[in-house]
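Descriptive analysis of the structure
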Amino acid sequence: IDMSSNYPANNPFHQILKHELEHIKIYETEHALAFLDINPRRTGHTLLIPKGLYSTVMDMPDTDCAAVLKEIPYLTNILISALKATGVKVLSNNGISASRYWSKMISSSILTYNRVN
């Protein structure tokens with residue numbers, strides 16, 4: 001992975017990819033990294049990011065995008081199985097206006113559970 005691009009060095013996702021920022025890794029492939037969100041909406045809230053320094057899905061070559069997004073079924077299945085969830089919301093945040101603070105192509109898996117009234 002080329003880390004010499006103009007991608008902002010202070011972006012926490014860049015720091016995670018360079019192993020400069022602590023994170024809890026769920027799994028990793030040649031093209032993607034899945035780890036627990038540090039500000040989870042629910043237990044097991046996991047982020048899947050490309051190892052390439054892309055700010056949005058629109059910046060990604062088709063092959064890189066496919067290599068990352070093909071991991072979503074595996075990721076959601078292991079999370080649902082391990083945490084006994086009943087469903088999952090899969091979101092993709094692209095760009096600062098779709099995210100909170102940082103621009104990074106992110107797939108977010110937020111588990112859902114049956115509610116008891």
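Attention here is on the structure that accompanies the text. Please read all numbers here as calculations on a predicted model, not as lab measurements. (Residues numbered from 1 in each chain as written. Predicted model: local features only at pLDDT ≥ 70, side-chain atom pairs only at ≥ 80, totals over all residues. Heavy atoms only, no water.)

1. Re the packing of aromatic side chains
By the definition in use, this model includes two aromatic pairs. Pairing phenylalanine 13 with phenylalanine 35 gives two aromatic rings, centres 6.4 Å apart and planes at 45°, and the pair type is tilted. A residue pair is termed long-range when its members are at least 10 positions apart, and phenylalanine 13 in helix α1 (residues 12–17) and phenylalanine 35 in strand β2 (residues 32–36) qualify at 22 residues. Phenylalanine 13 sits in the buried class, given a relative accessible area of 11%. On the accessibility criterion, phenylalanine 35 (3% relative accessible area) is buried. Ring centres of tyrosine 27 and tyrosine 74 lie 5.0 Å apart, and the angle between their planes is 85°; this geometry places the pair in the edge-to-face category. Taken together, the residues tyrosine 27 in strand β1 (residues 25–28) and tyrosine 74 in helix α3 (residues 72–83) connect sequence positions 47 residues apart. Using a relative accessible area of 13% as the deciding quantity, one classes tyrosine 27 as buried. (Phe/Tyr/Trp six-rings, centres within 6.5 Å; stacked < 30°, edge-to-face > 60°. Helix = DSSP H or I, 4+ residues; strand = E, 2+ residues; numbered from the N terminus. Buried < 20%, exposed > 50% of the residue type's maximum accessible area, 1.4 Å probe, protein only.)

2. Side note on the sheet that holds strand β4 (residues 87–93)
Reading across the sheet, the five strands line up as β1-β2-β3-β5-β4 and stay open at both edges, with antiparallel pairing between neighbours. Each edge of the sheet is formed by a strand with only one pairing partner; in this case those strands are β1 and β4. Put simply, the sheet's adjacent strands are angled 20° from each other on average, direction ignored. Relative to strand β5 (residues 106–112), strand β3 (residues 46–50) runs antiparallel, the two sharing three bridges. In the strand pairing of β5, leucine 47 is matched with serine 108. Packed on one face of the sheet, α3 meets β1, β2, β3, β4 and β5 and runs near 30° to β5. (Pairing = 2+ DSSP bridges. Axes fitted to C-alpha atoms, helices over the stretch in contact; angles between N-to-C directions. Contact = heavy atoms within 4.5 Å.)

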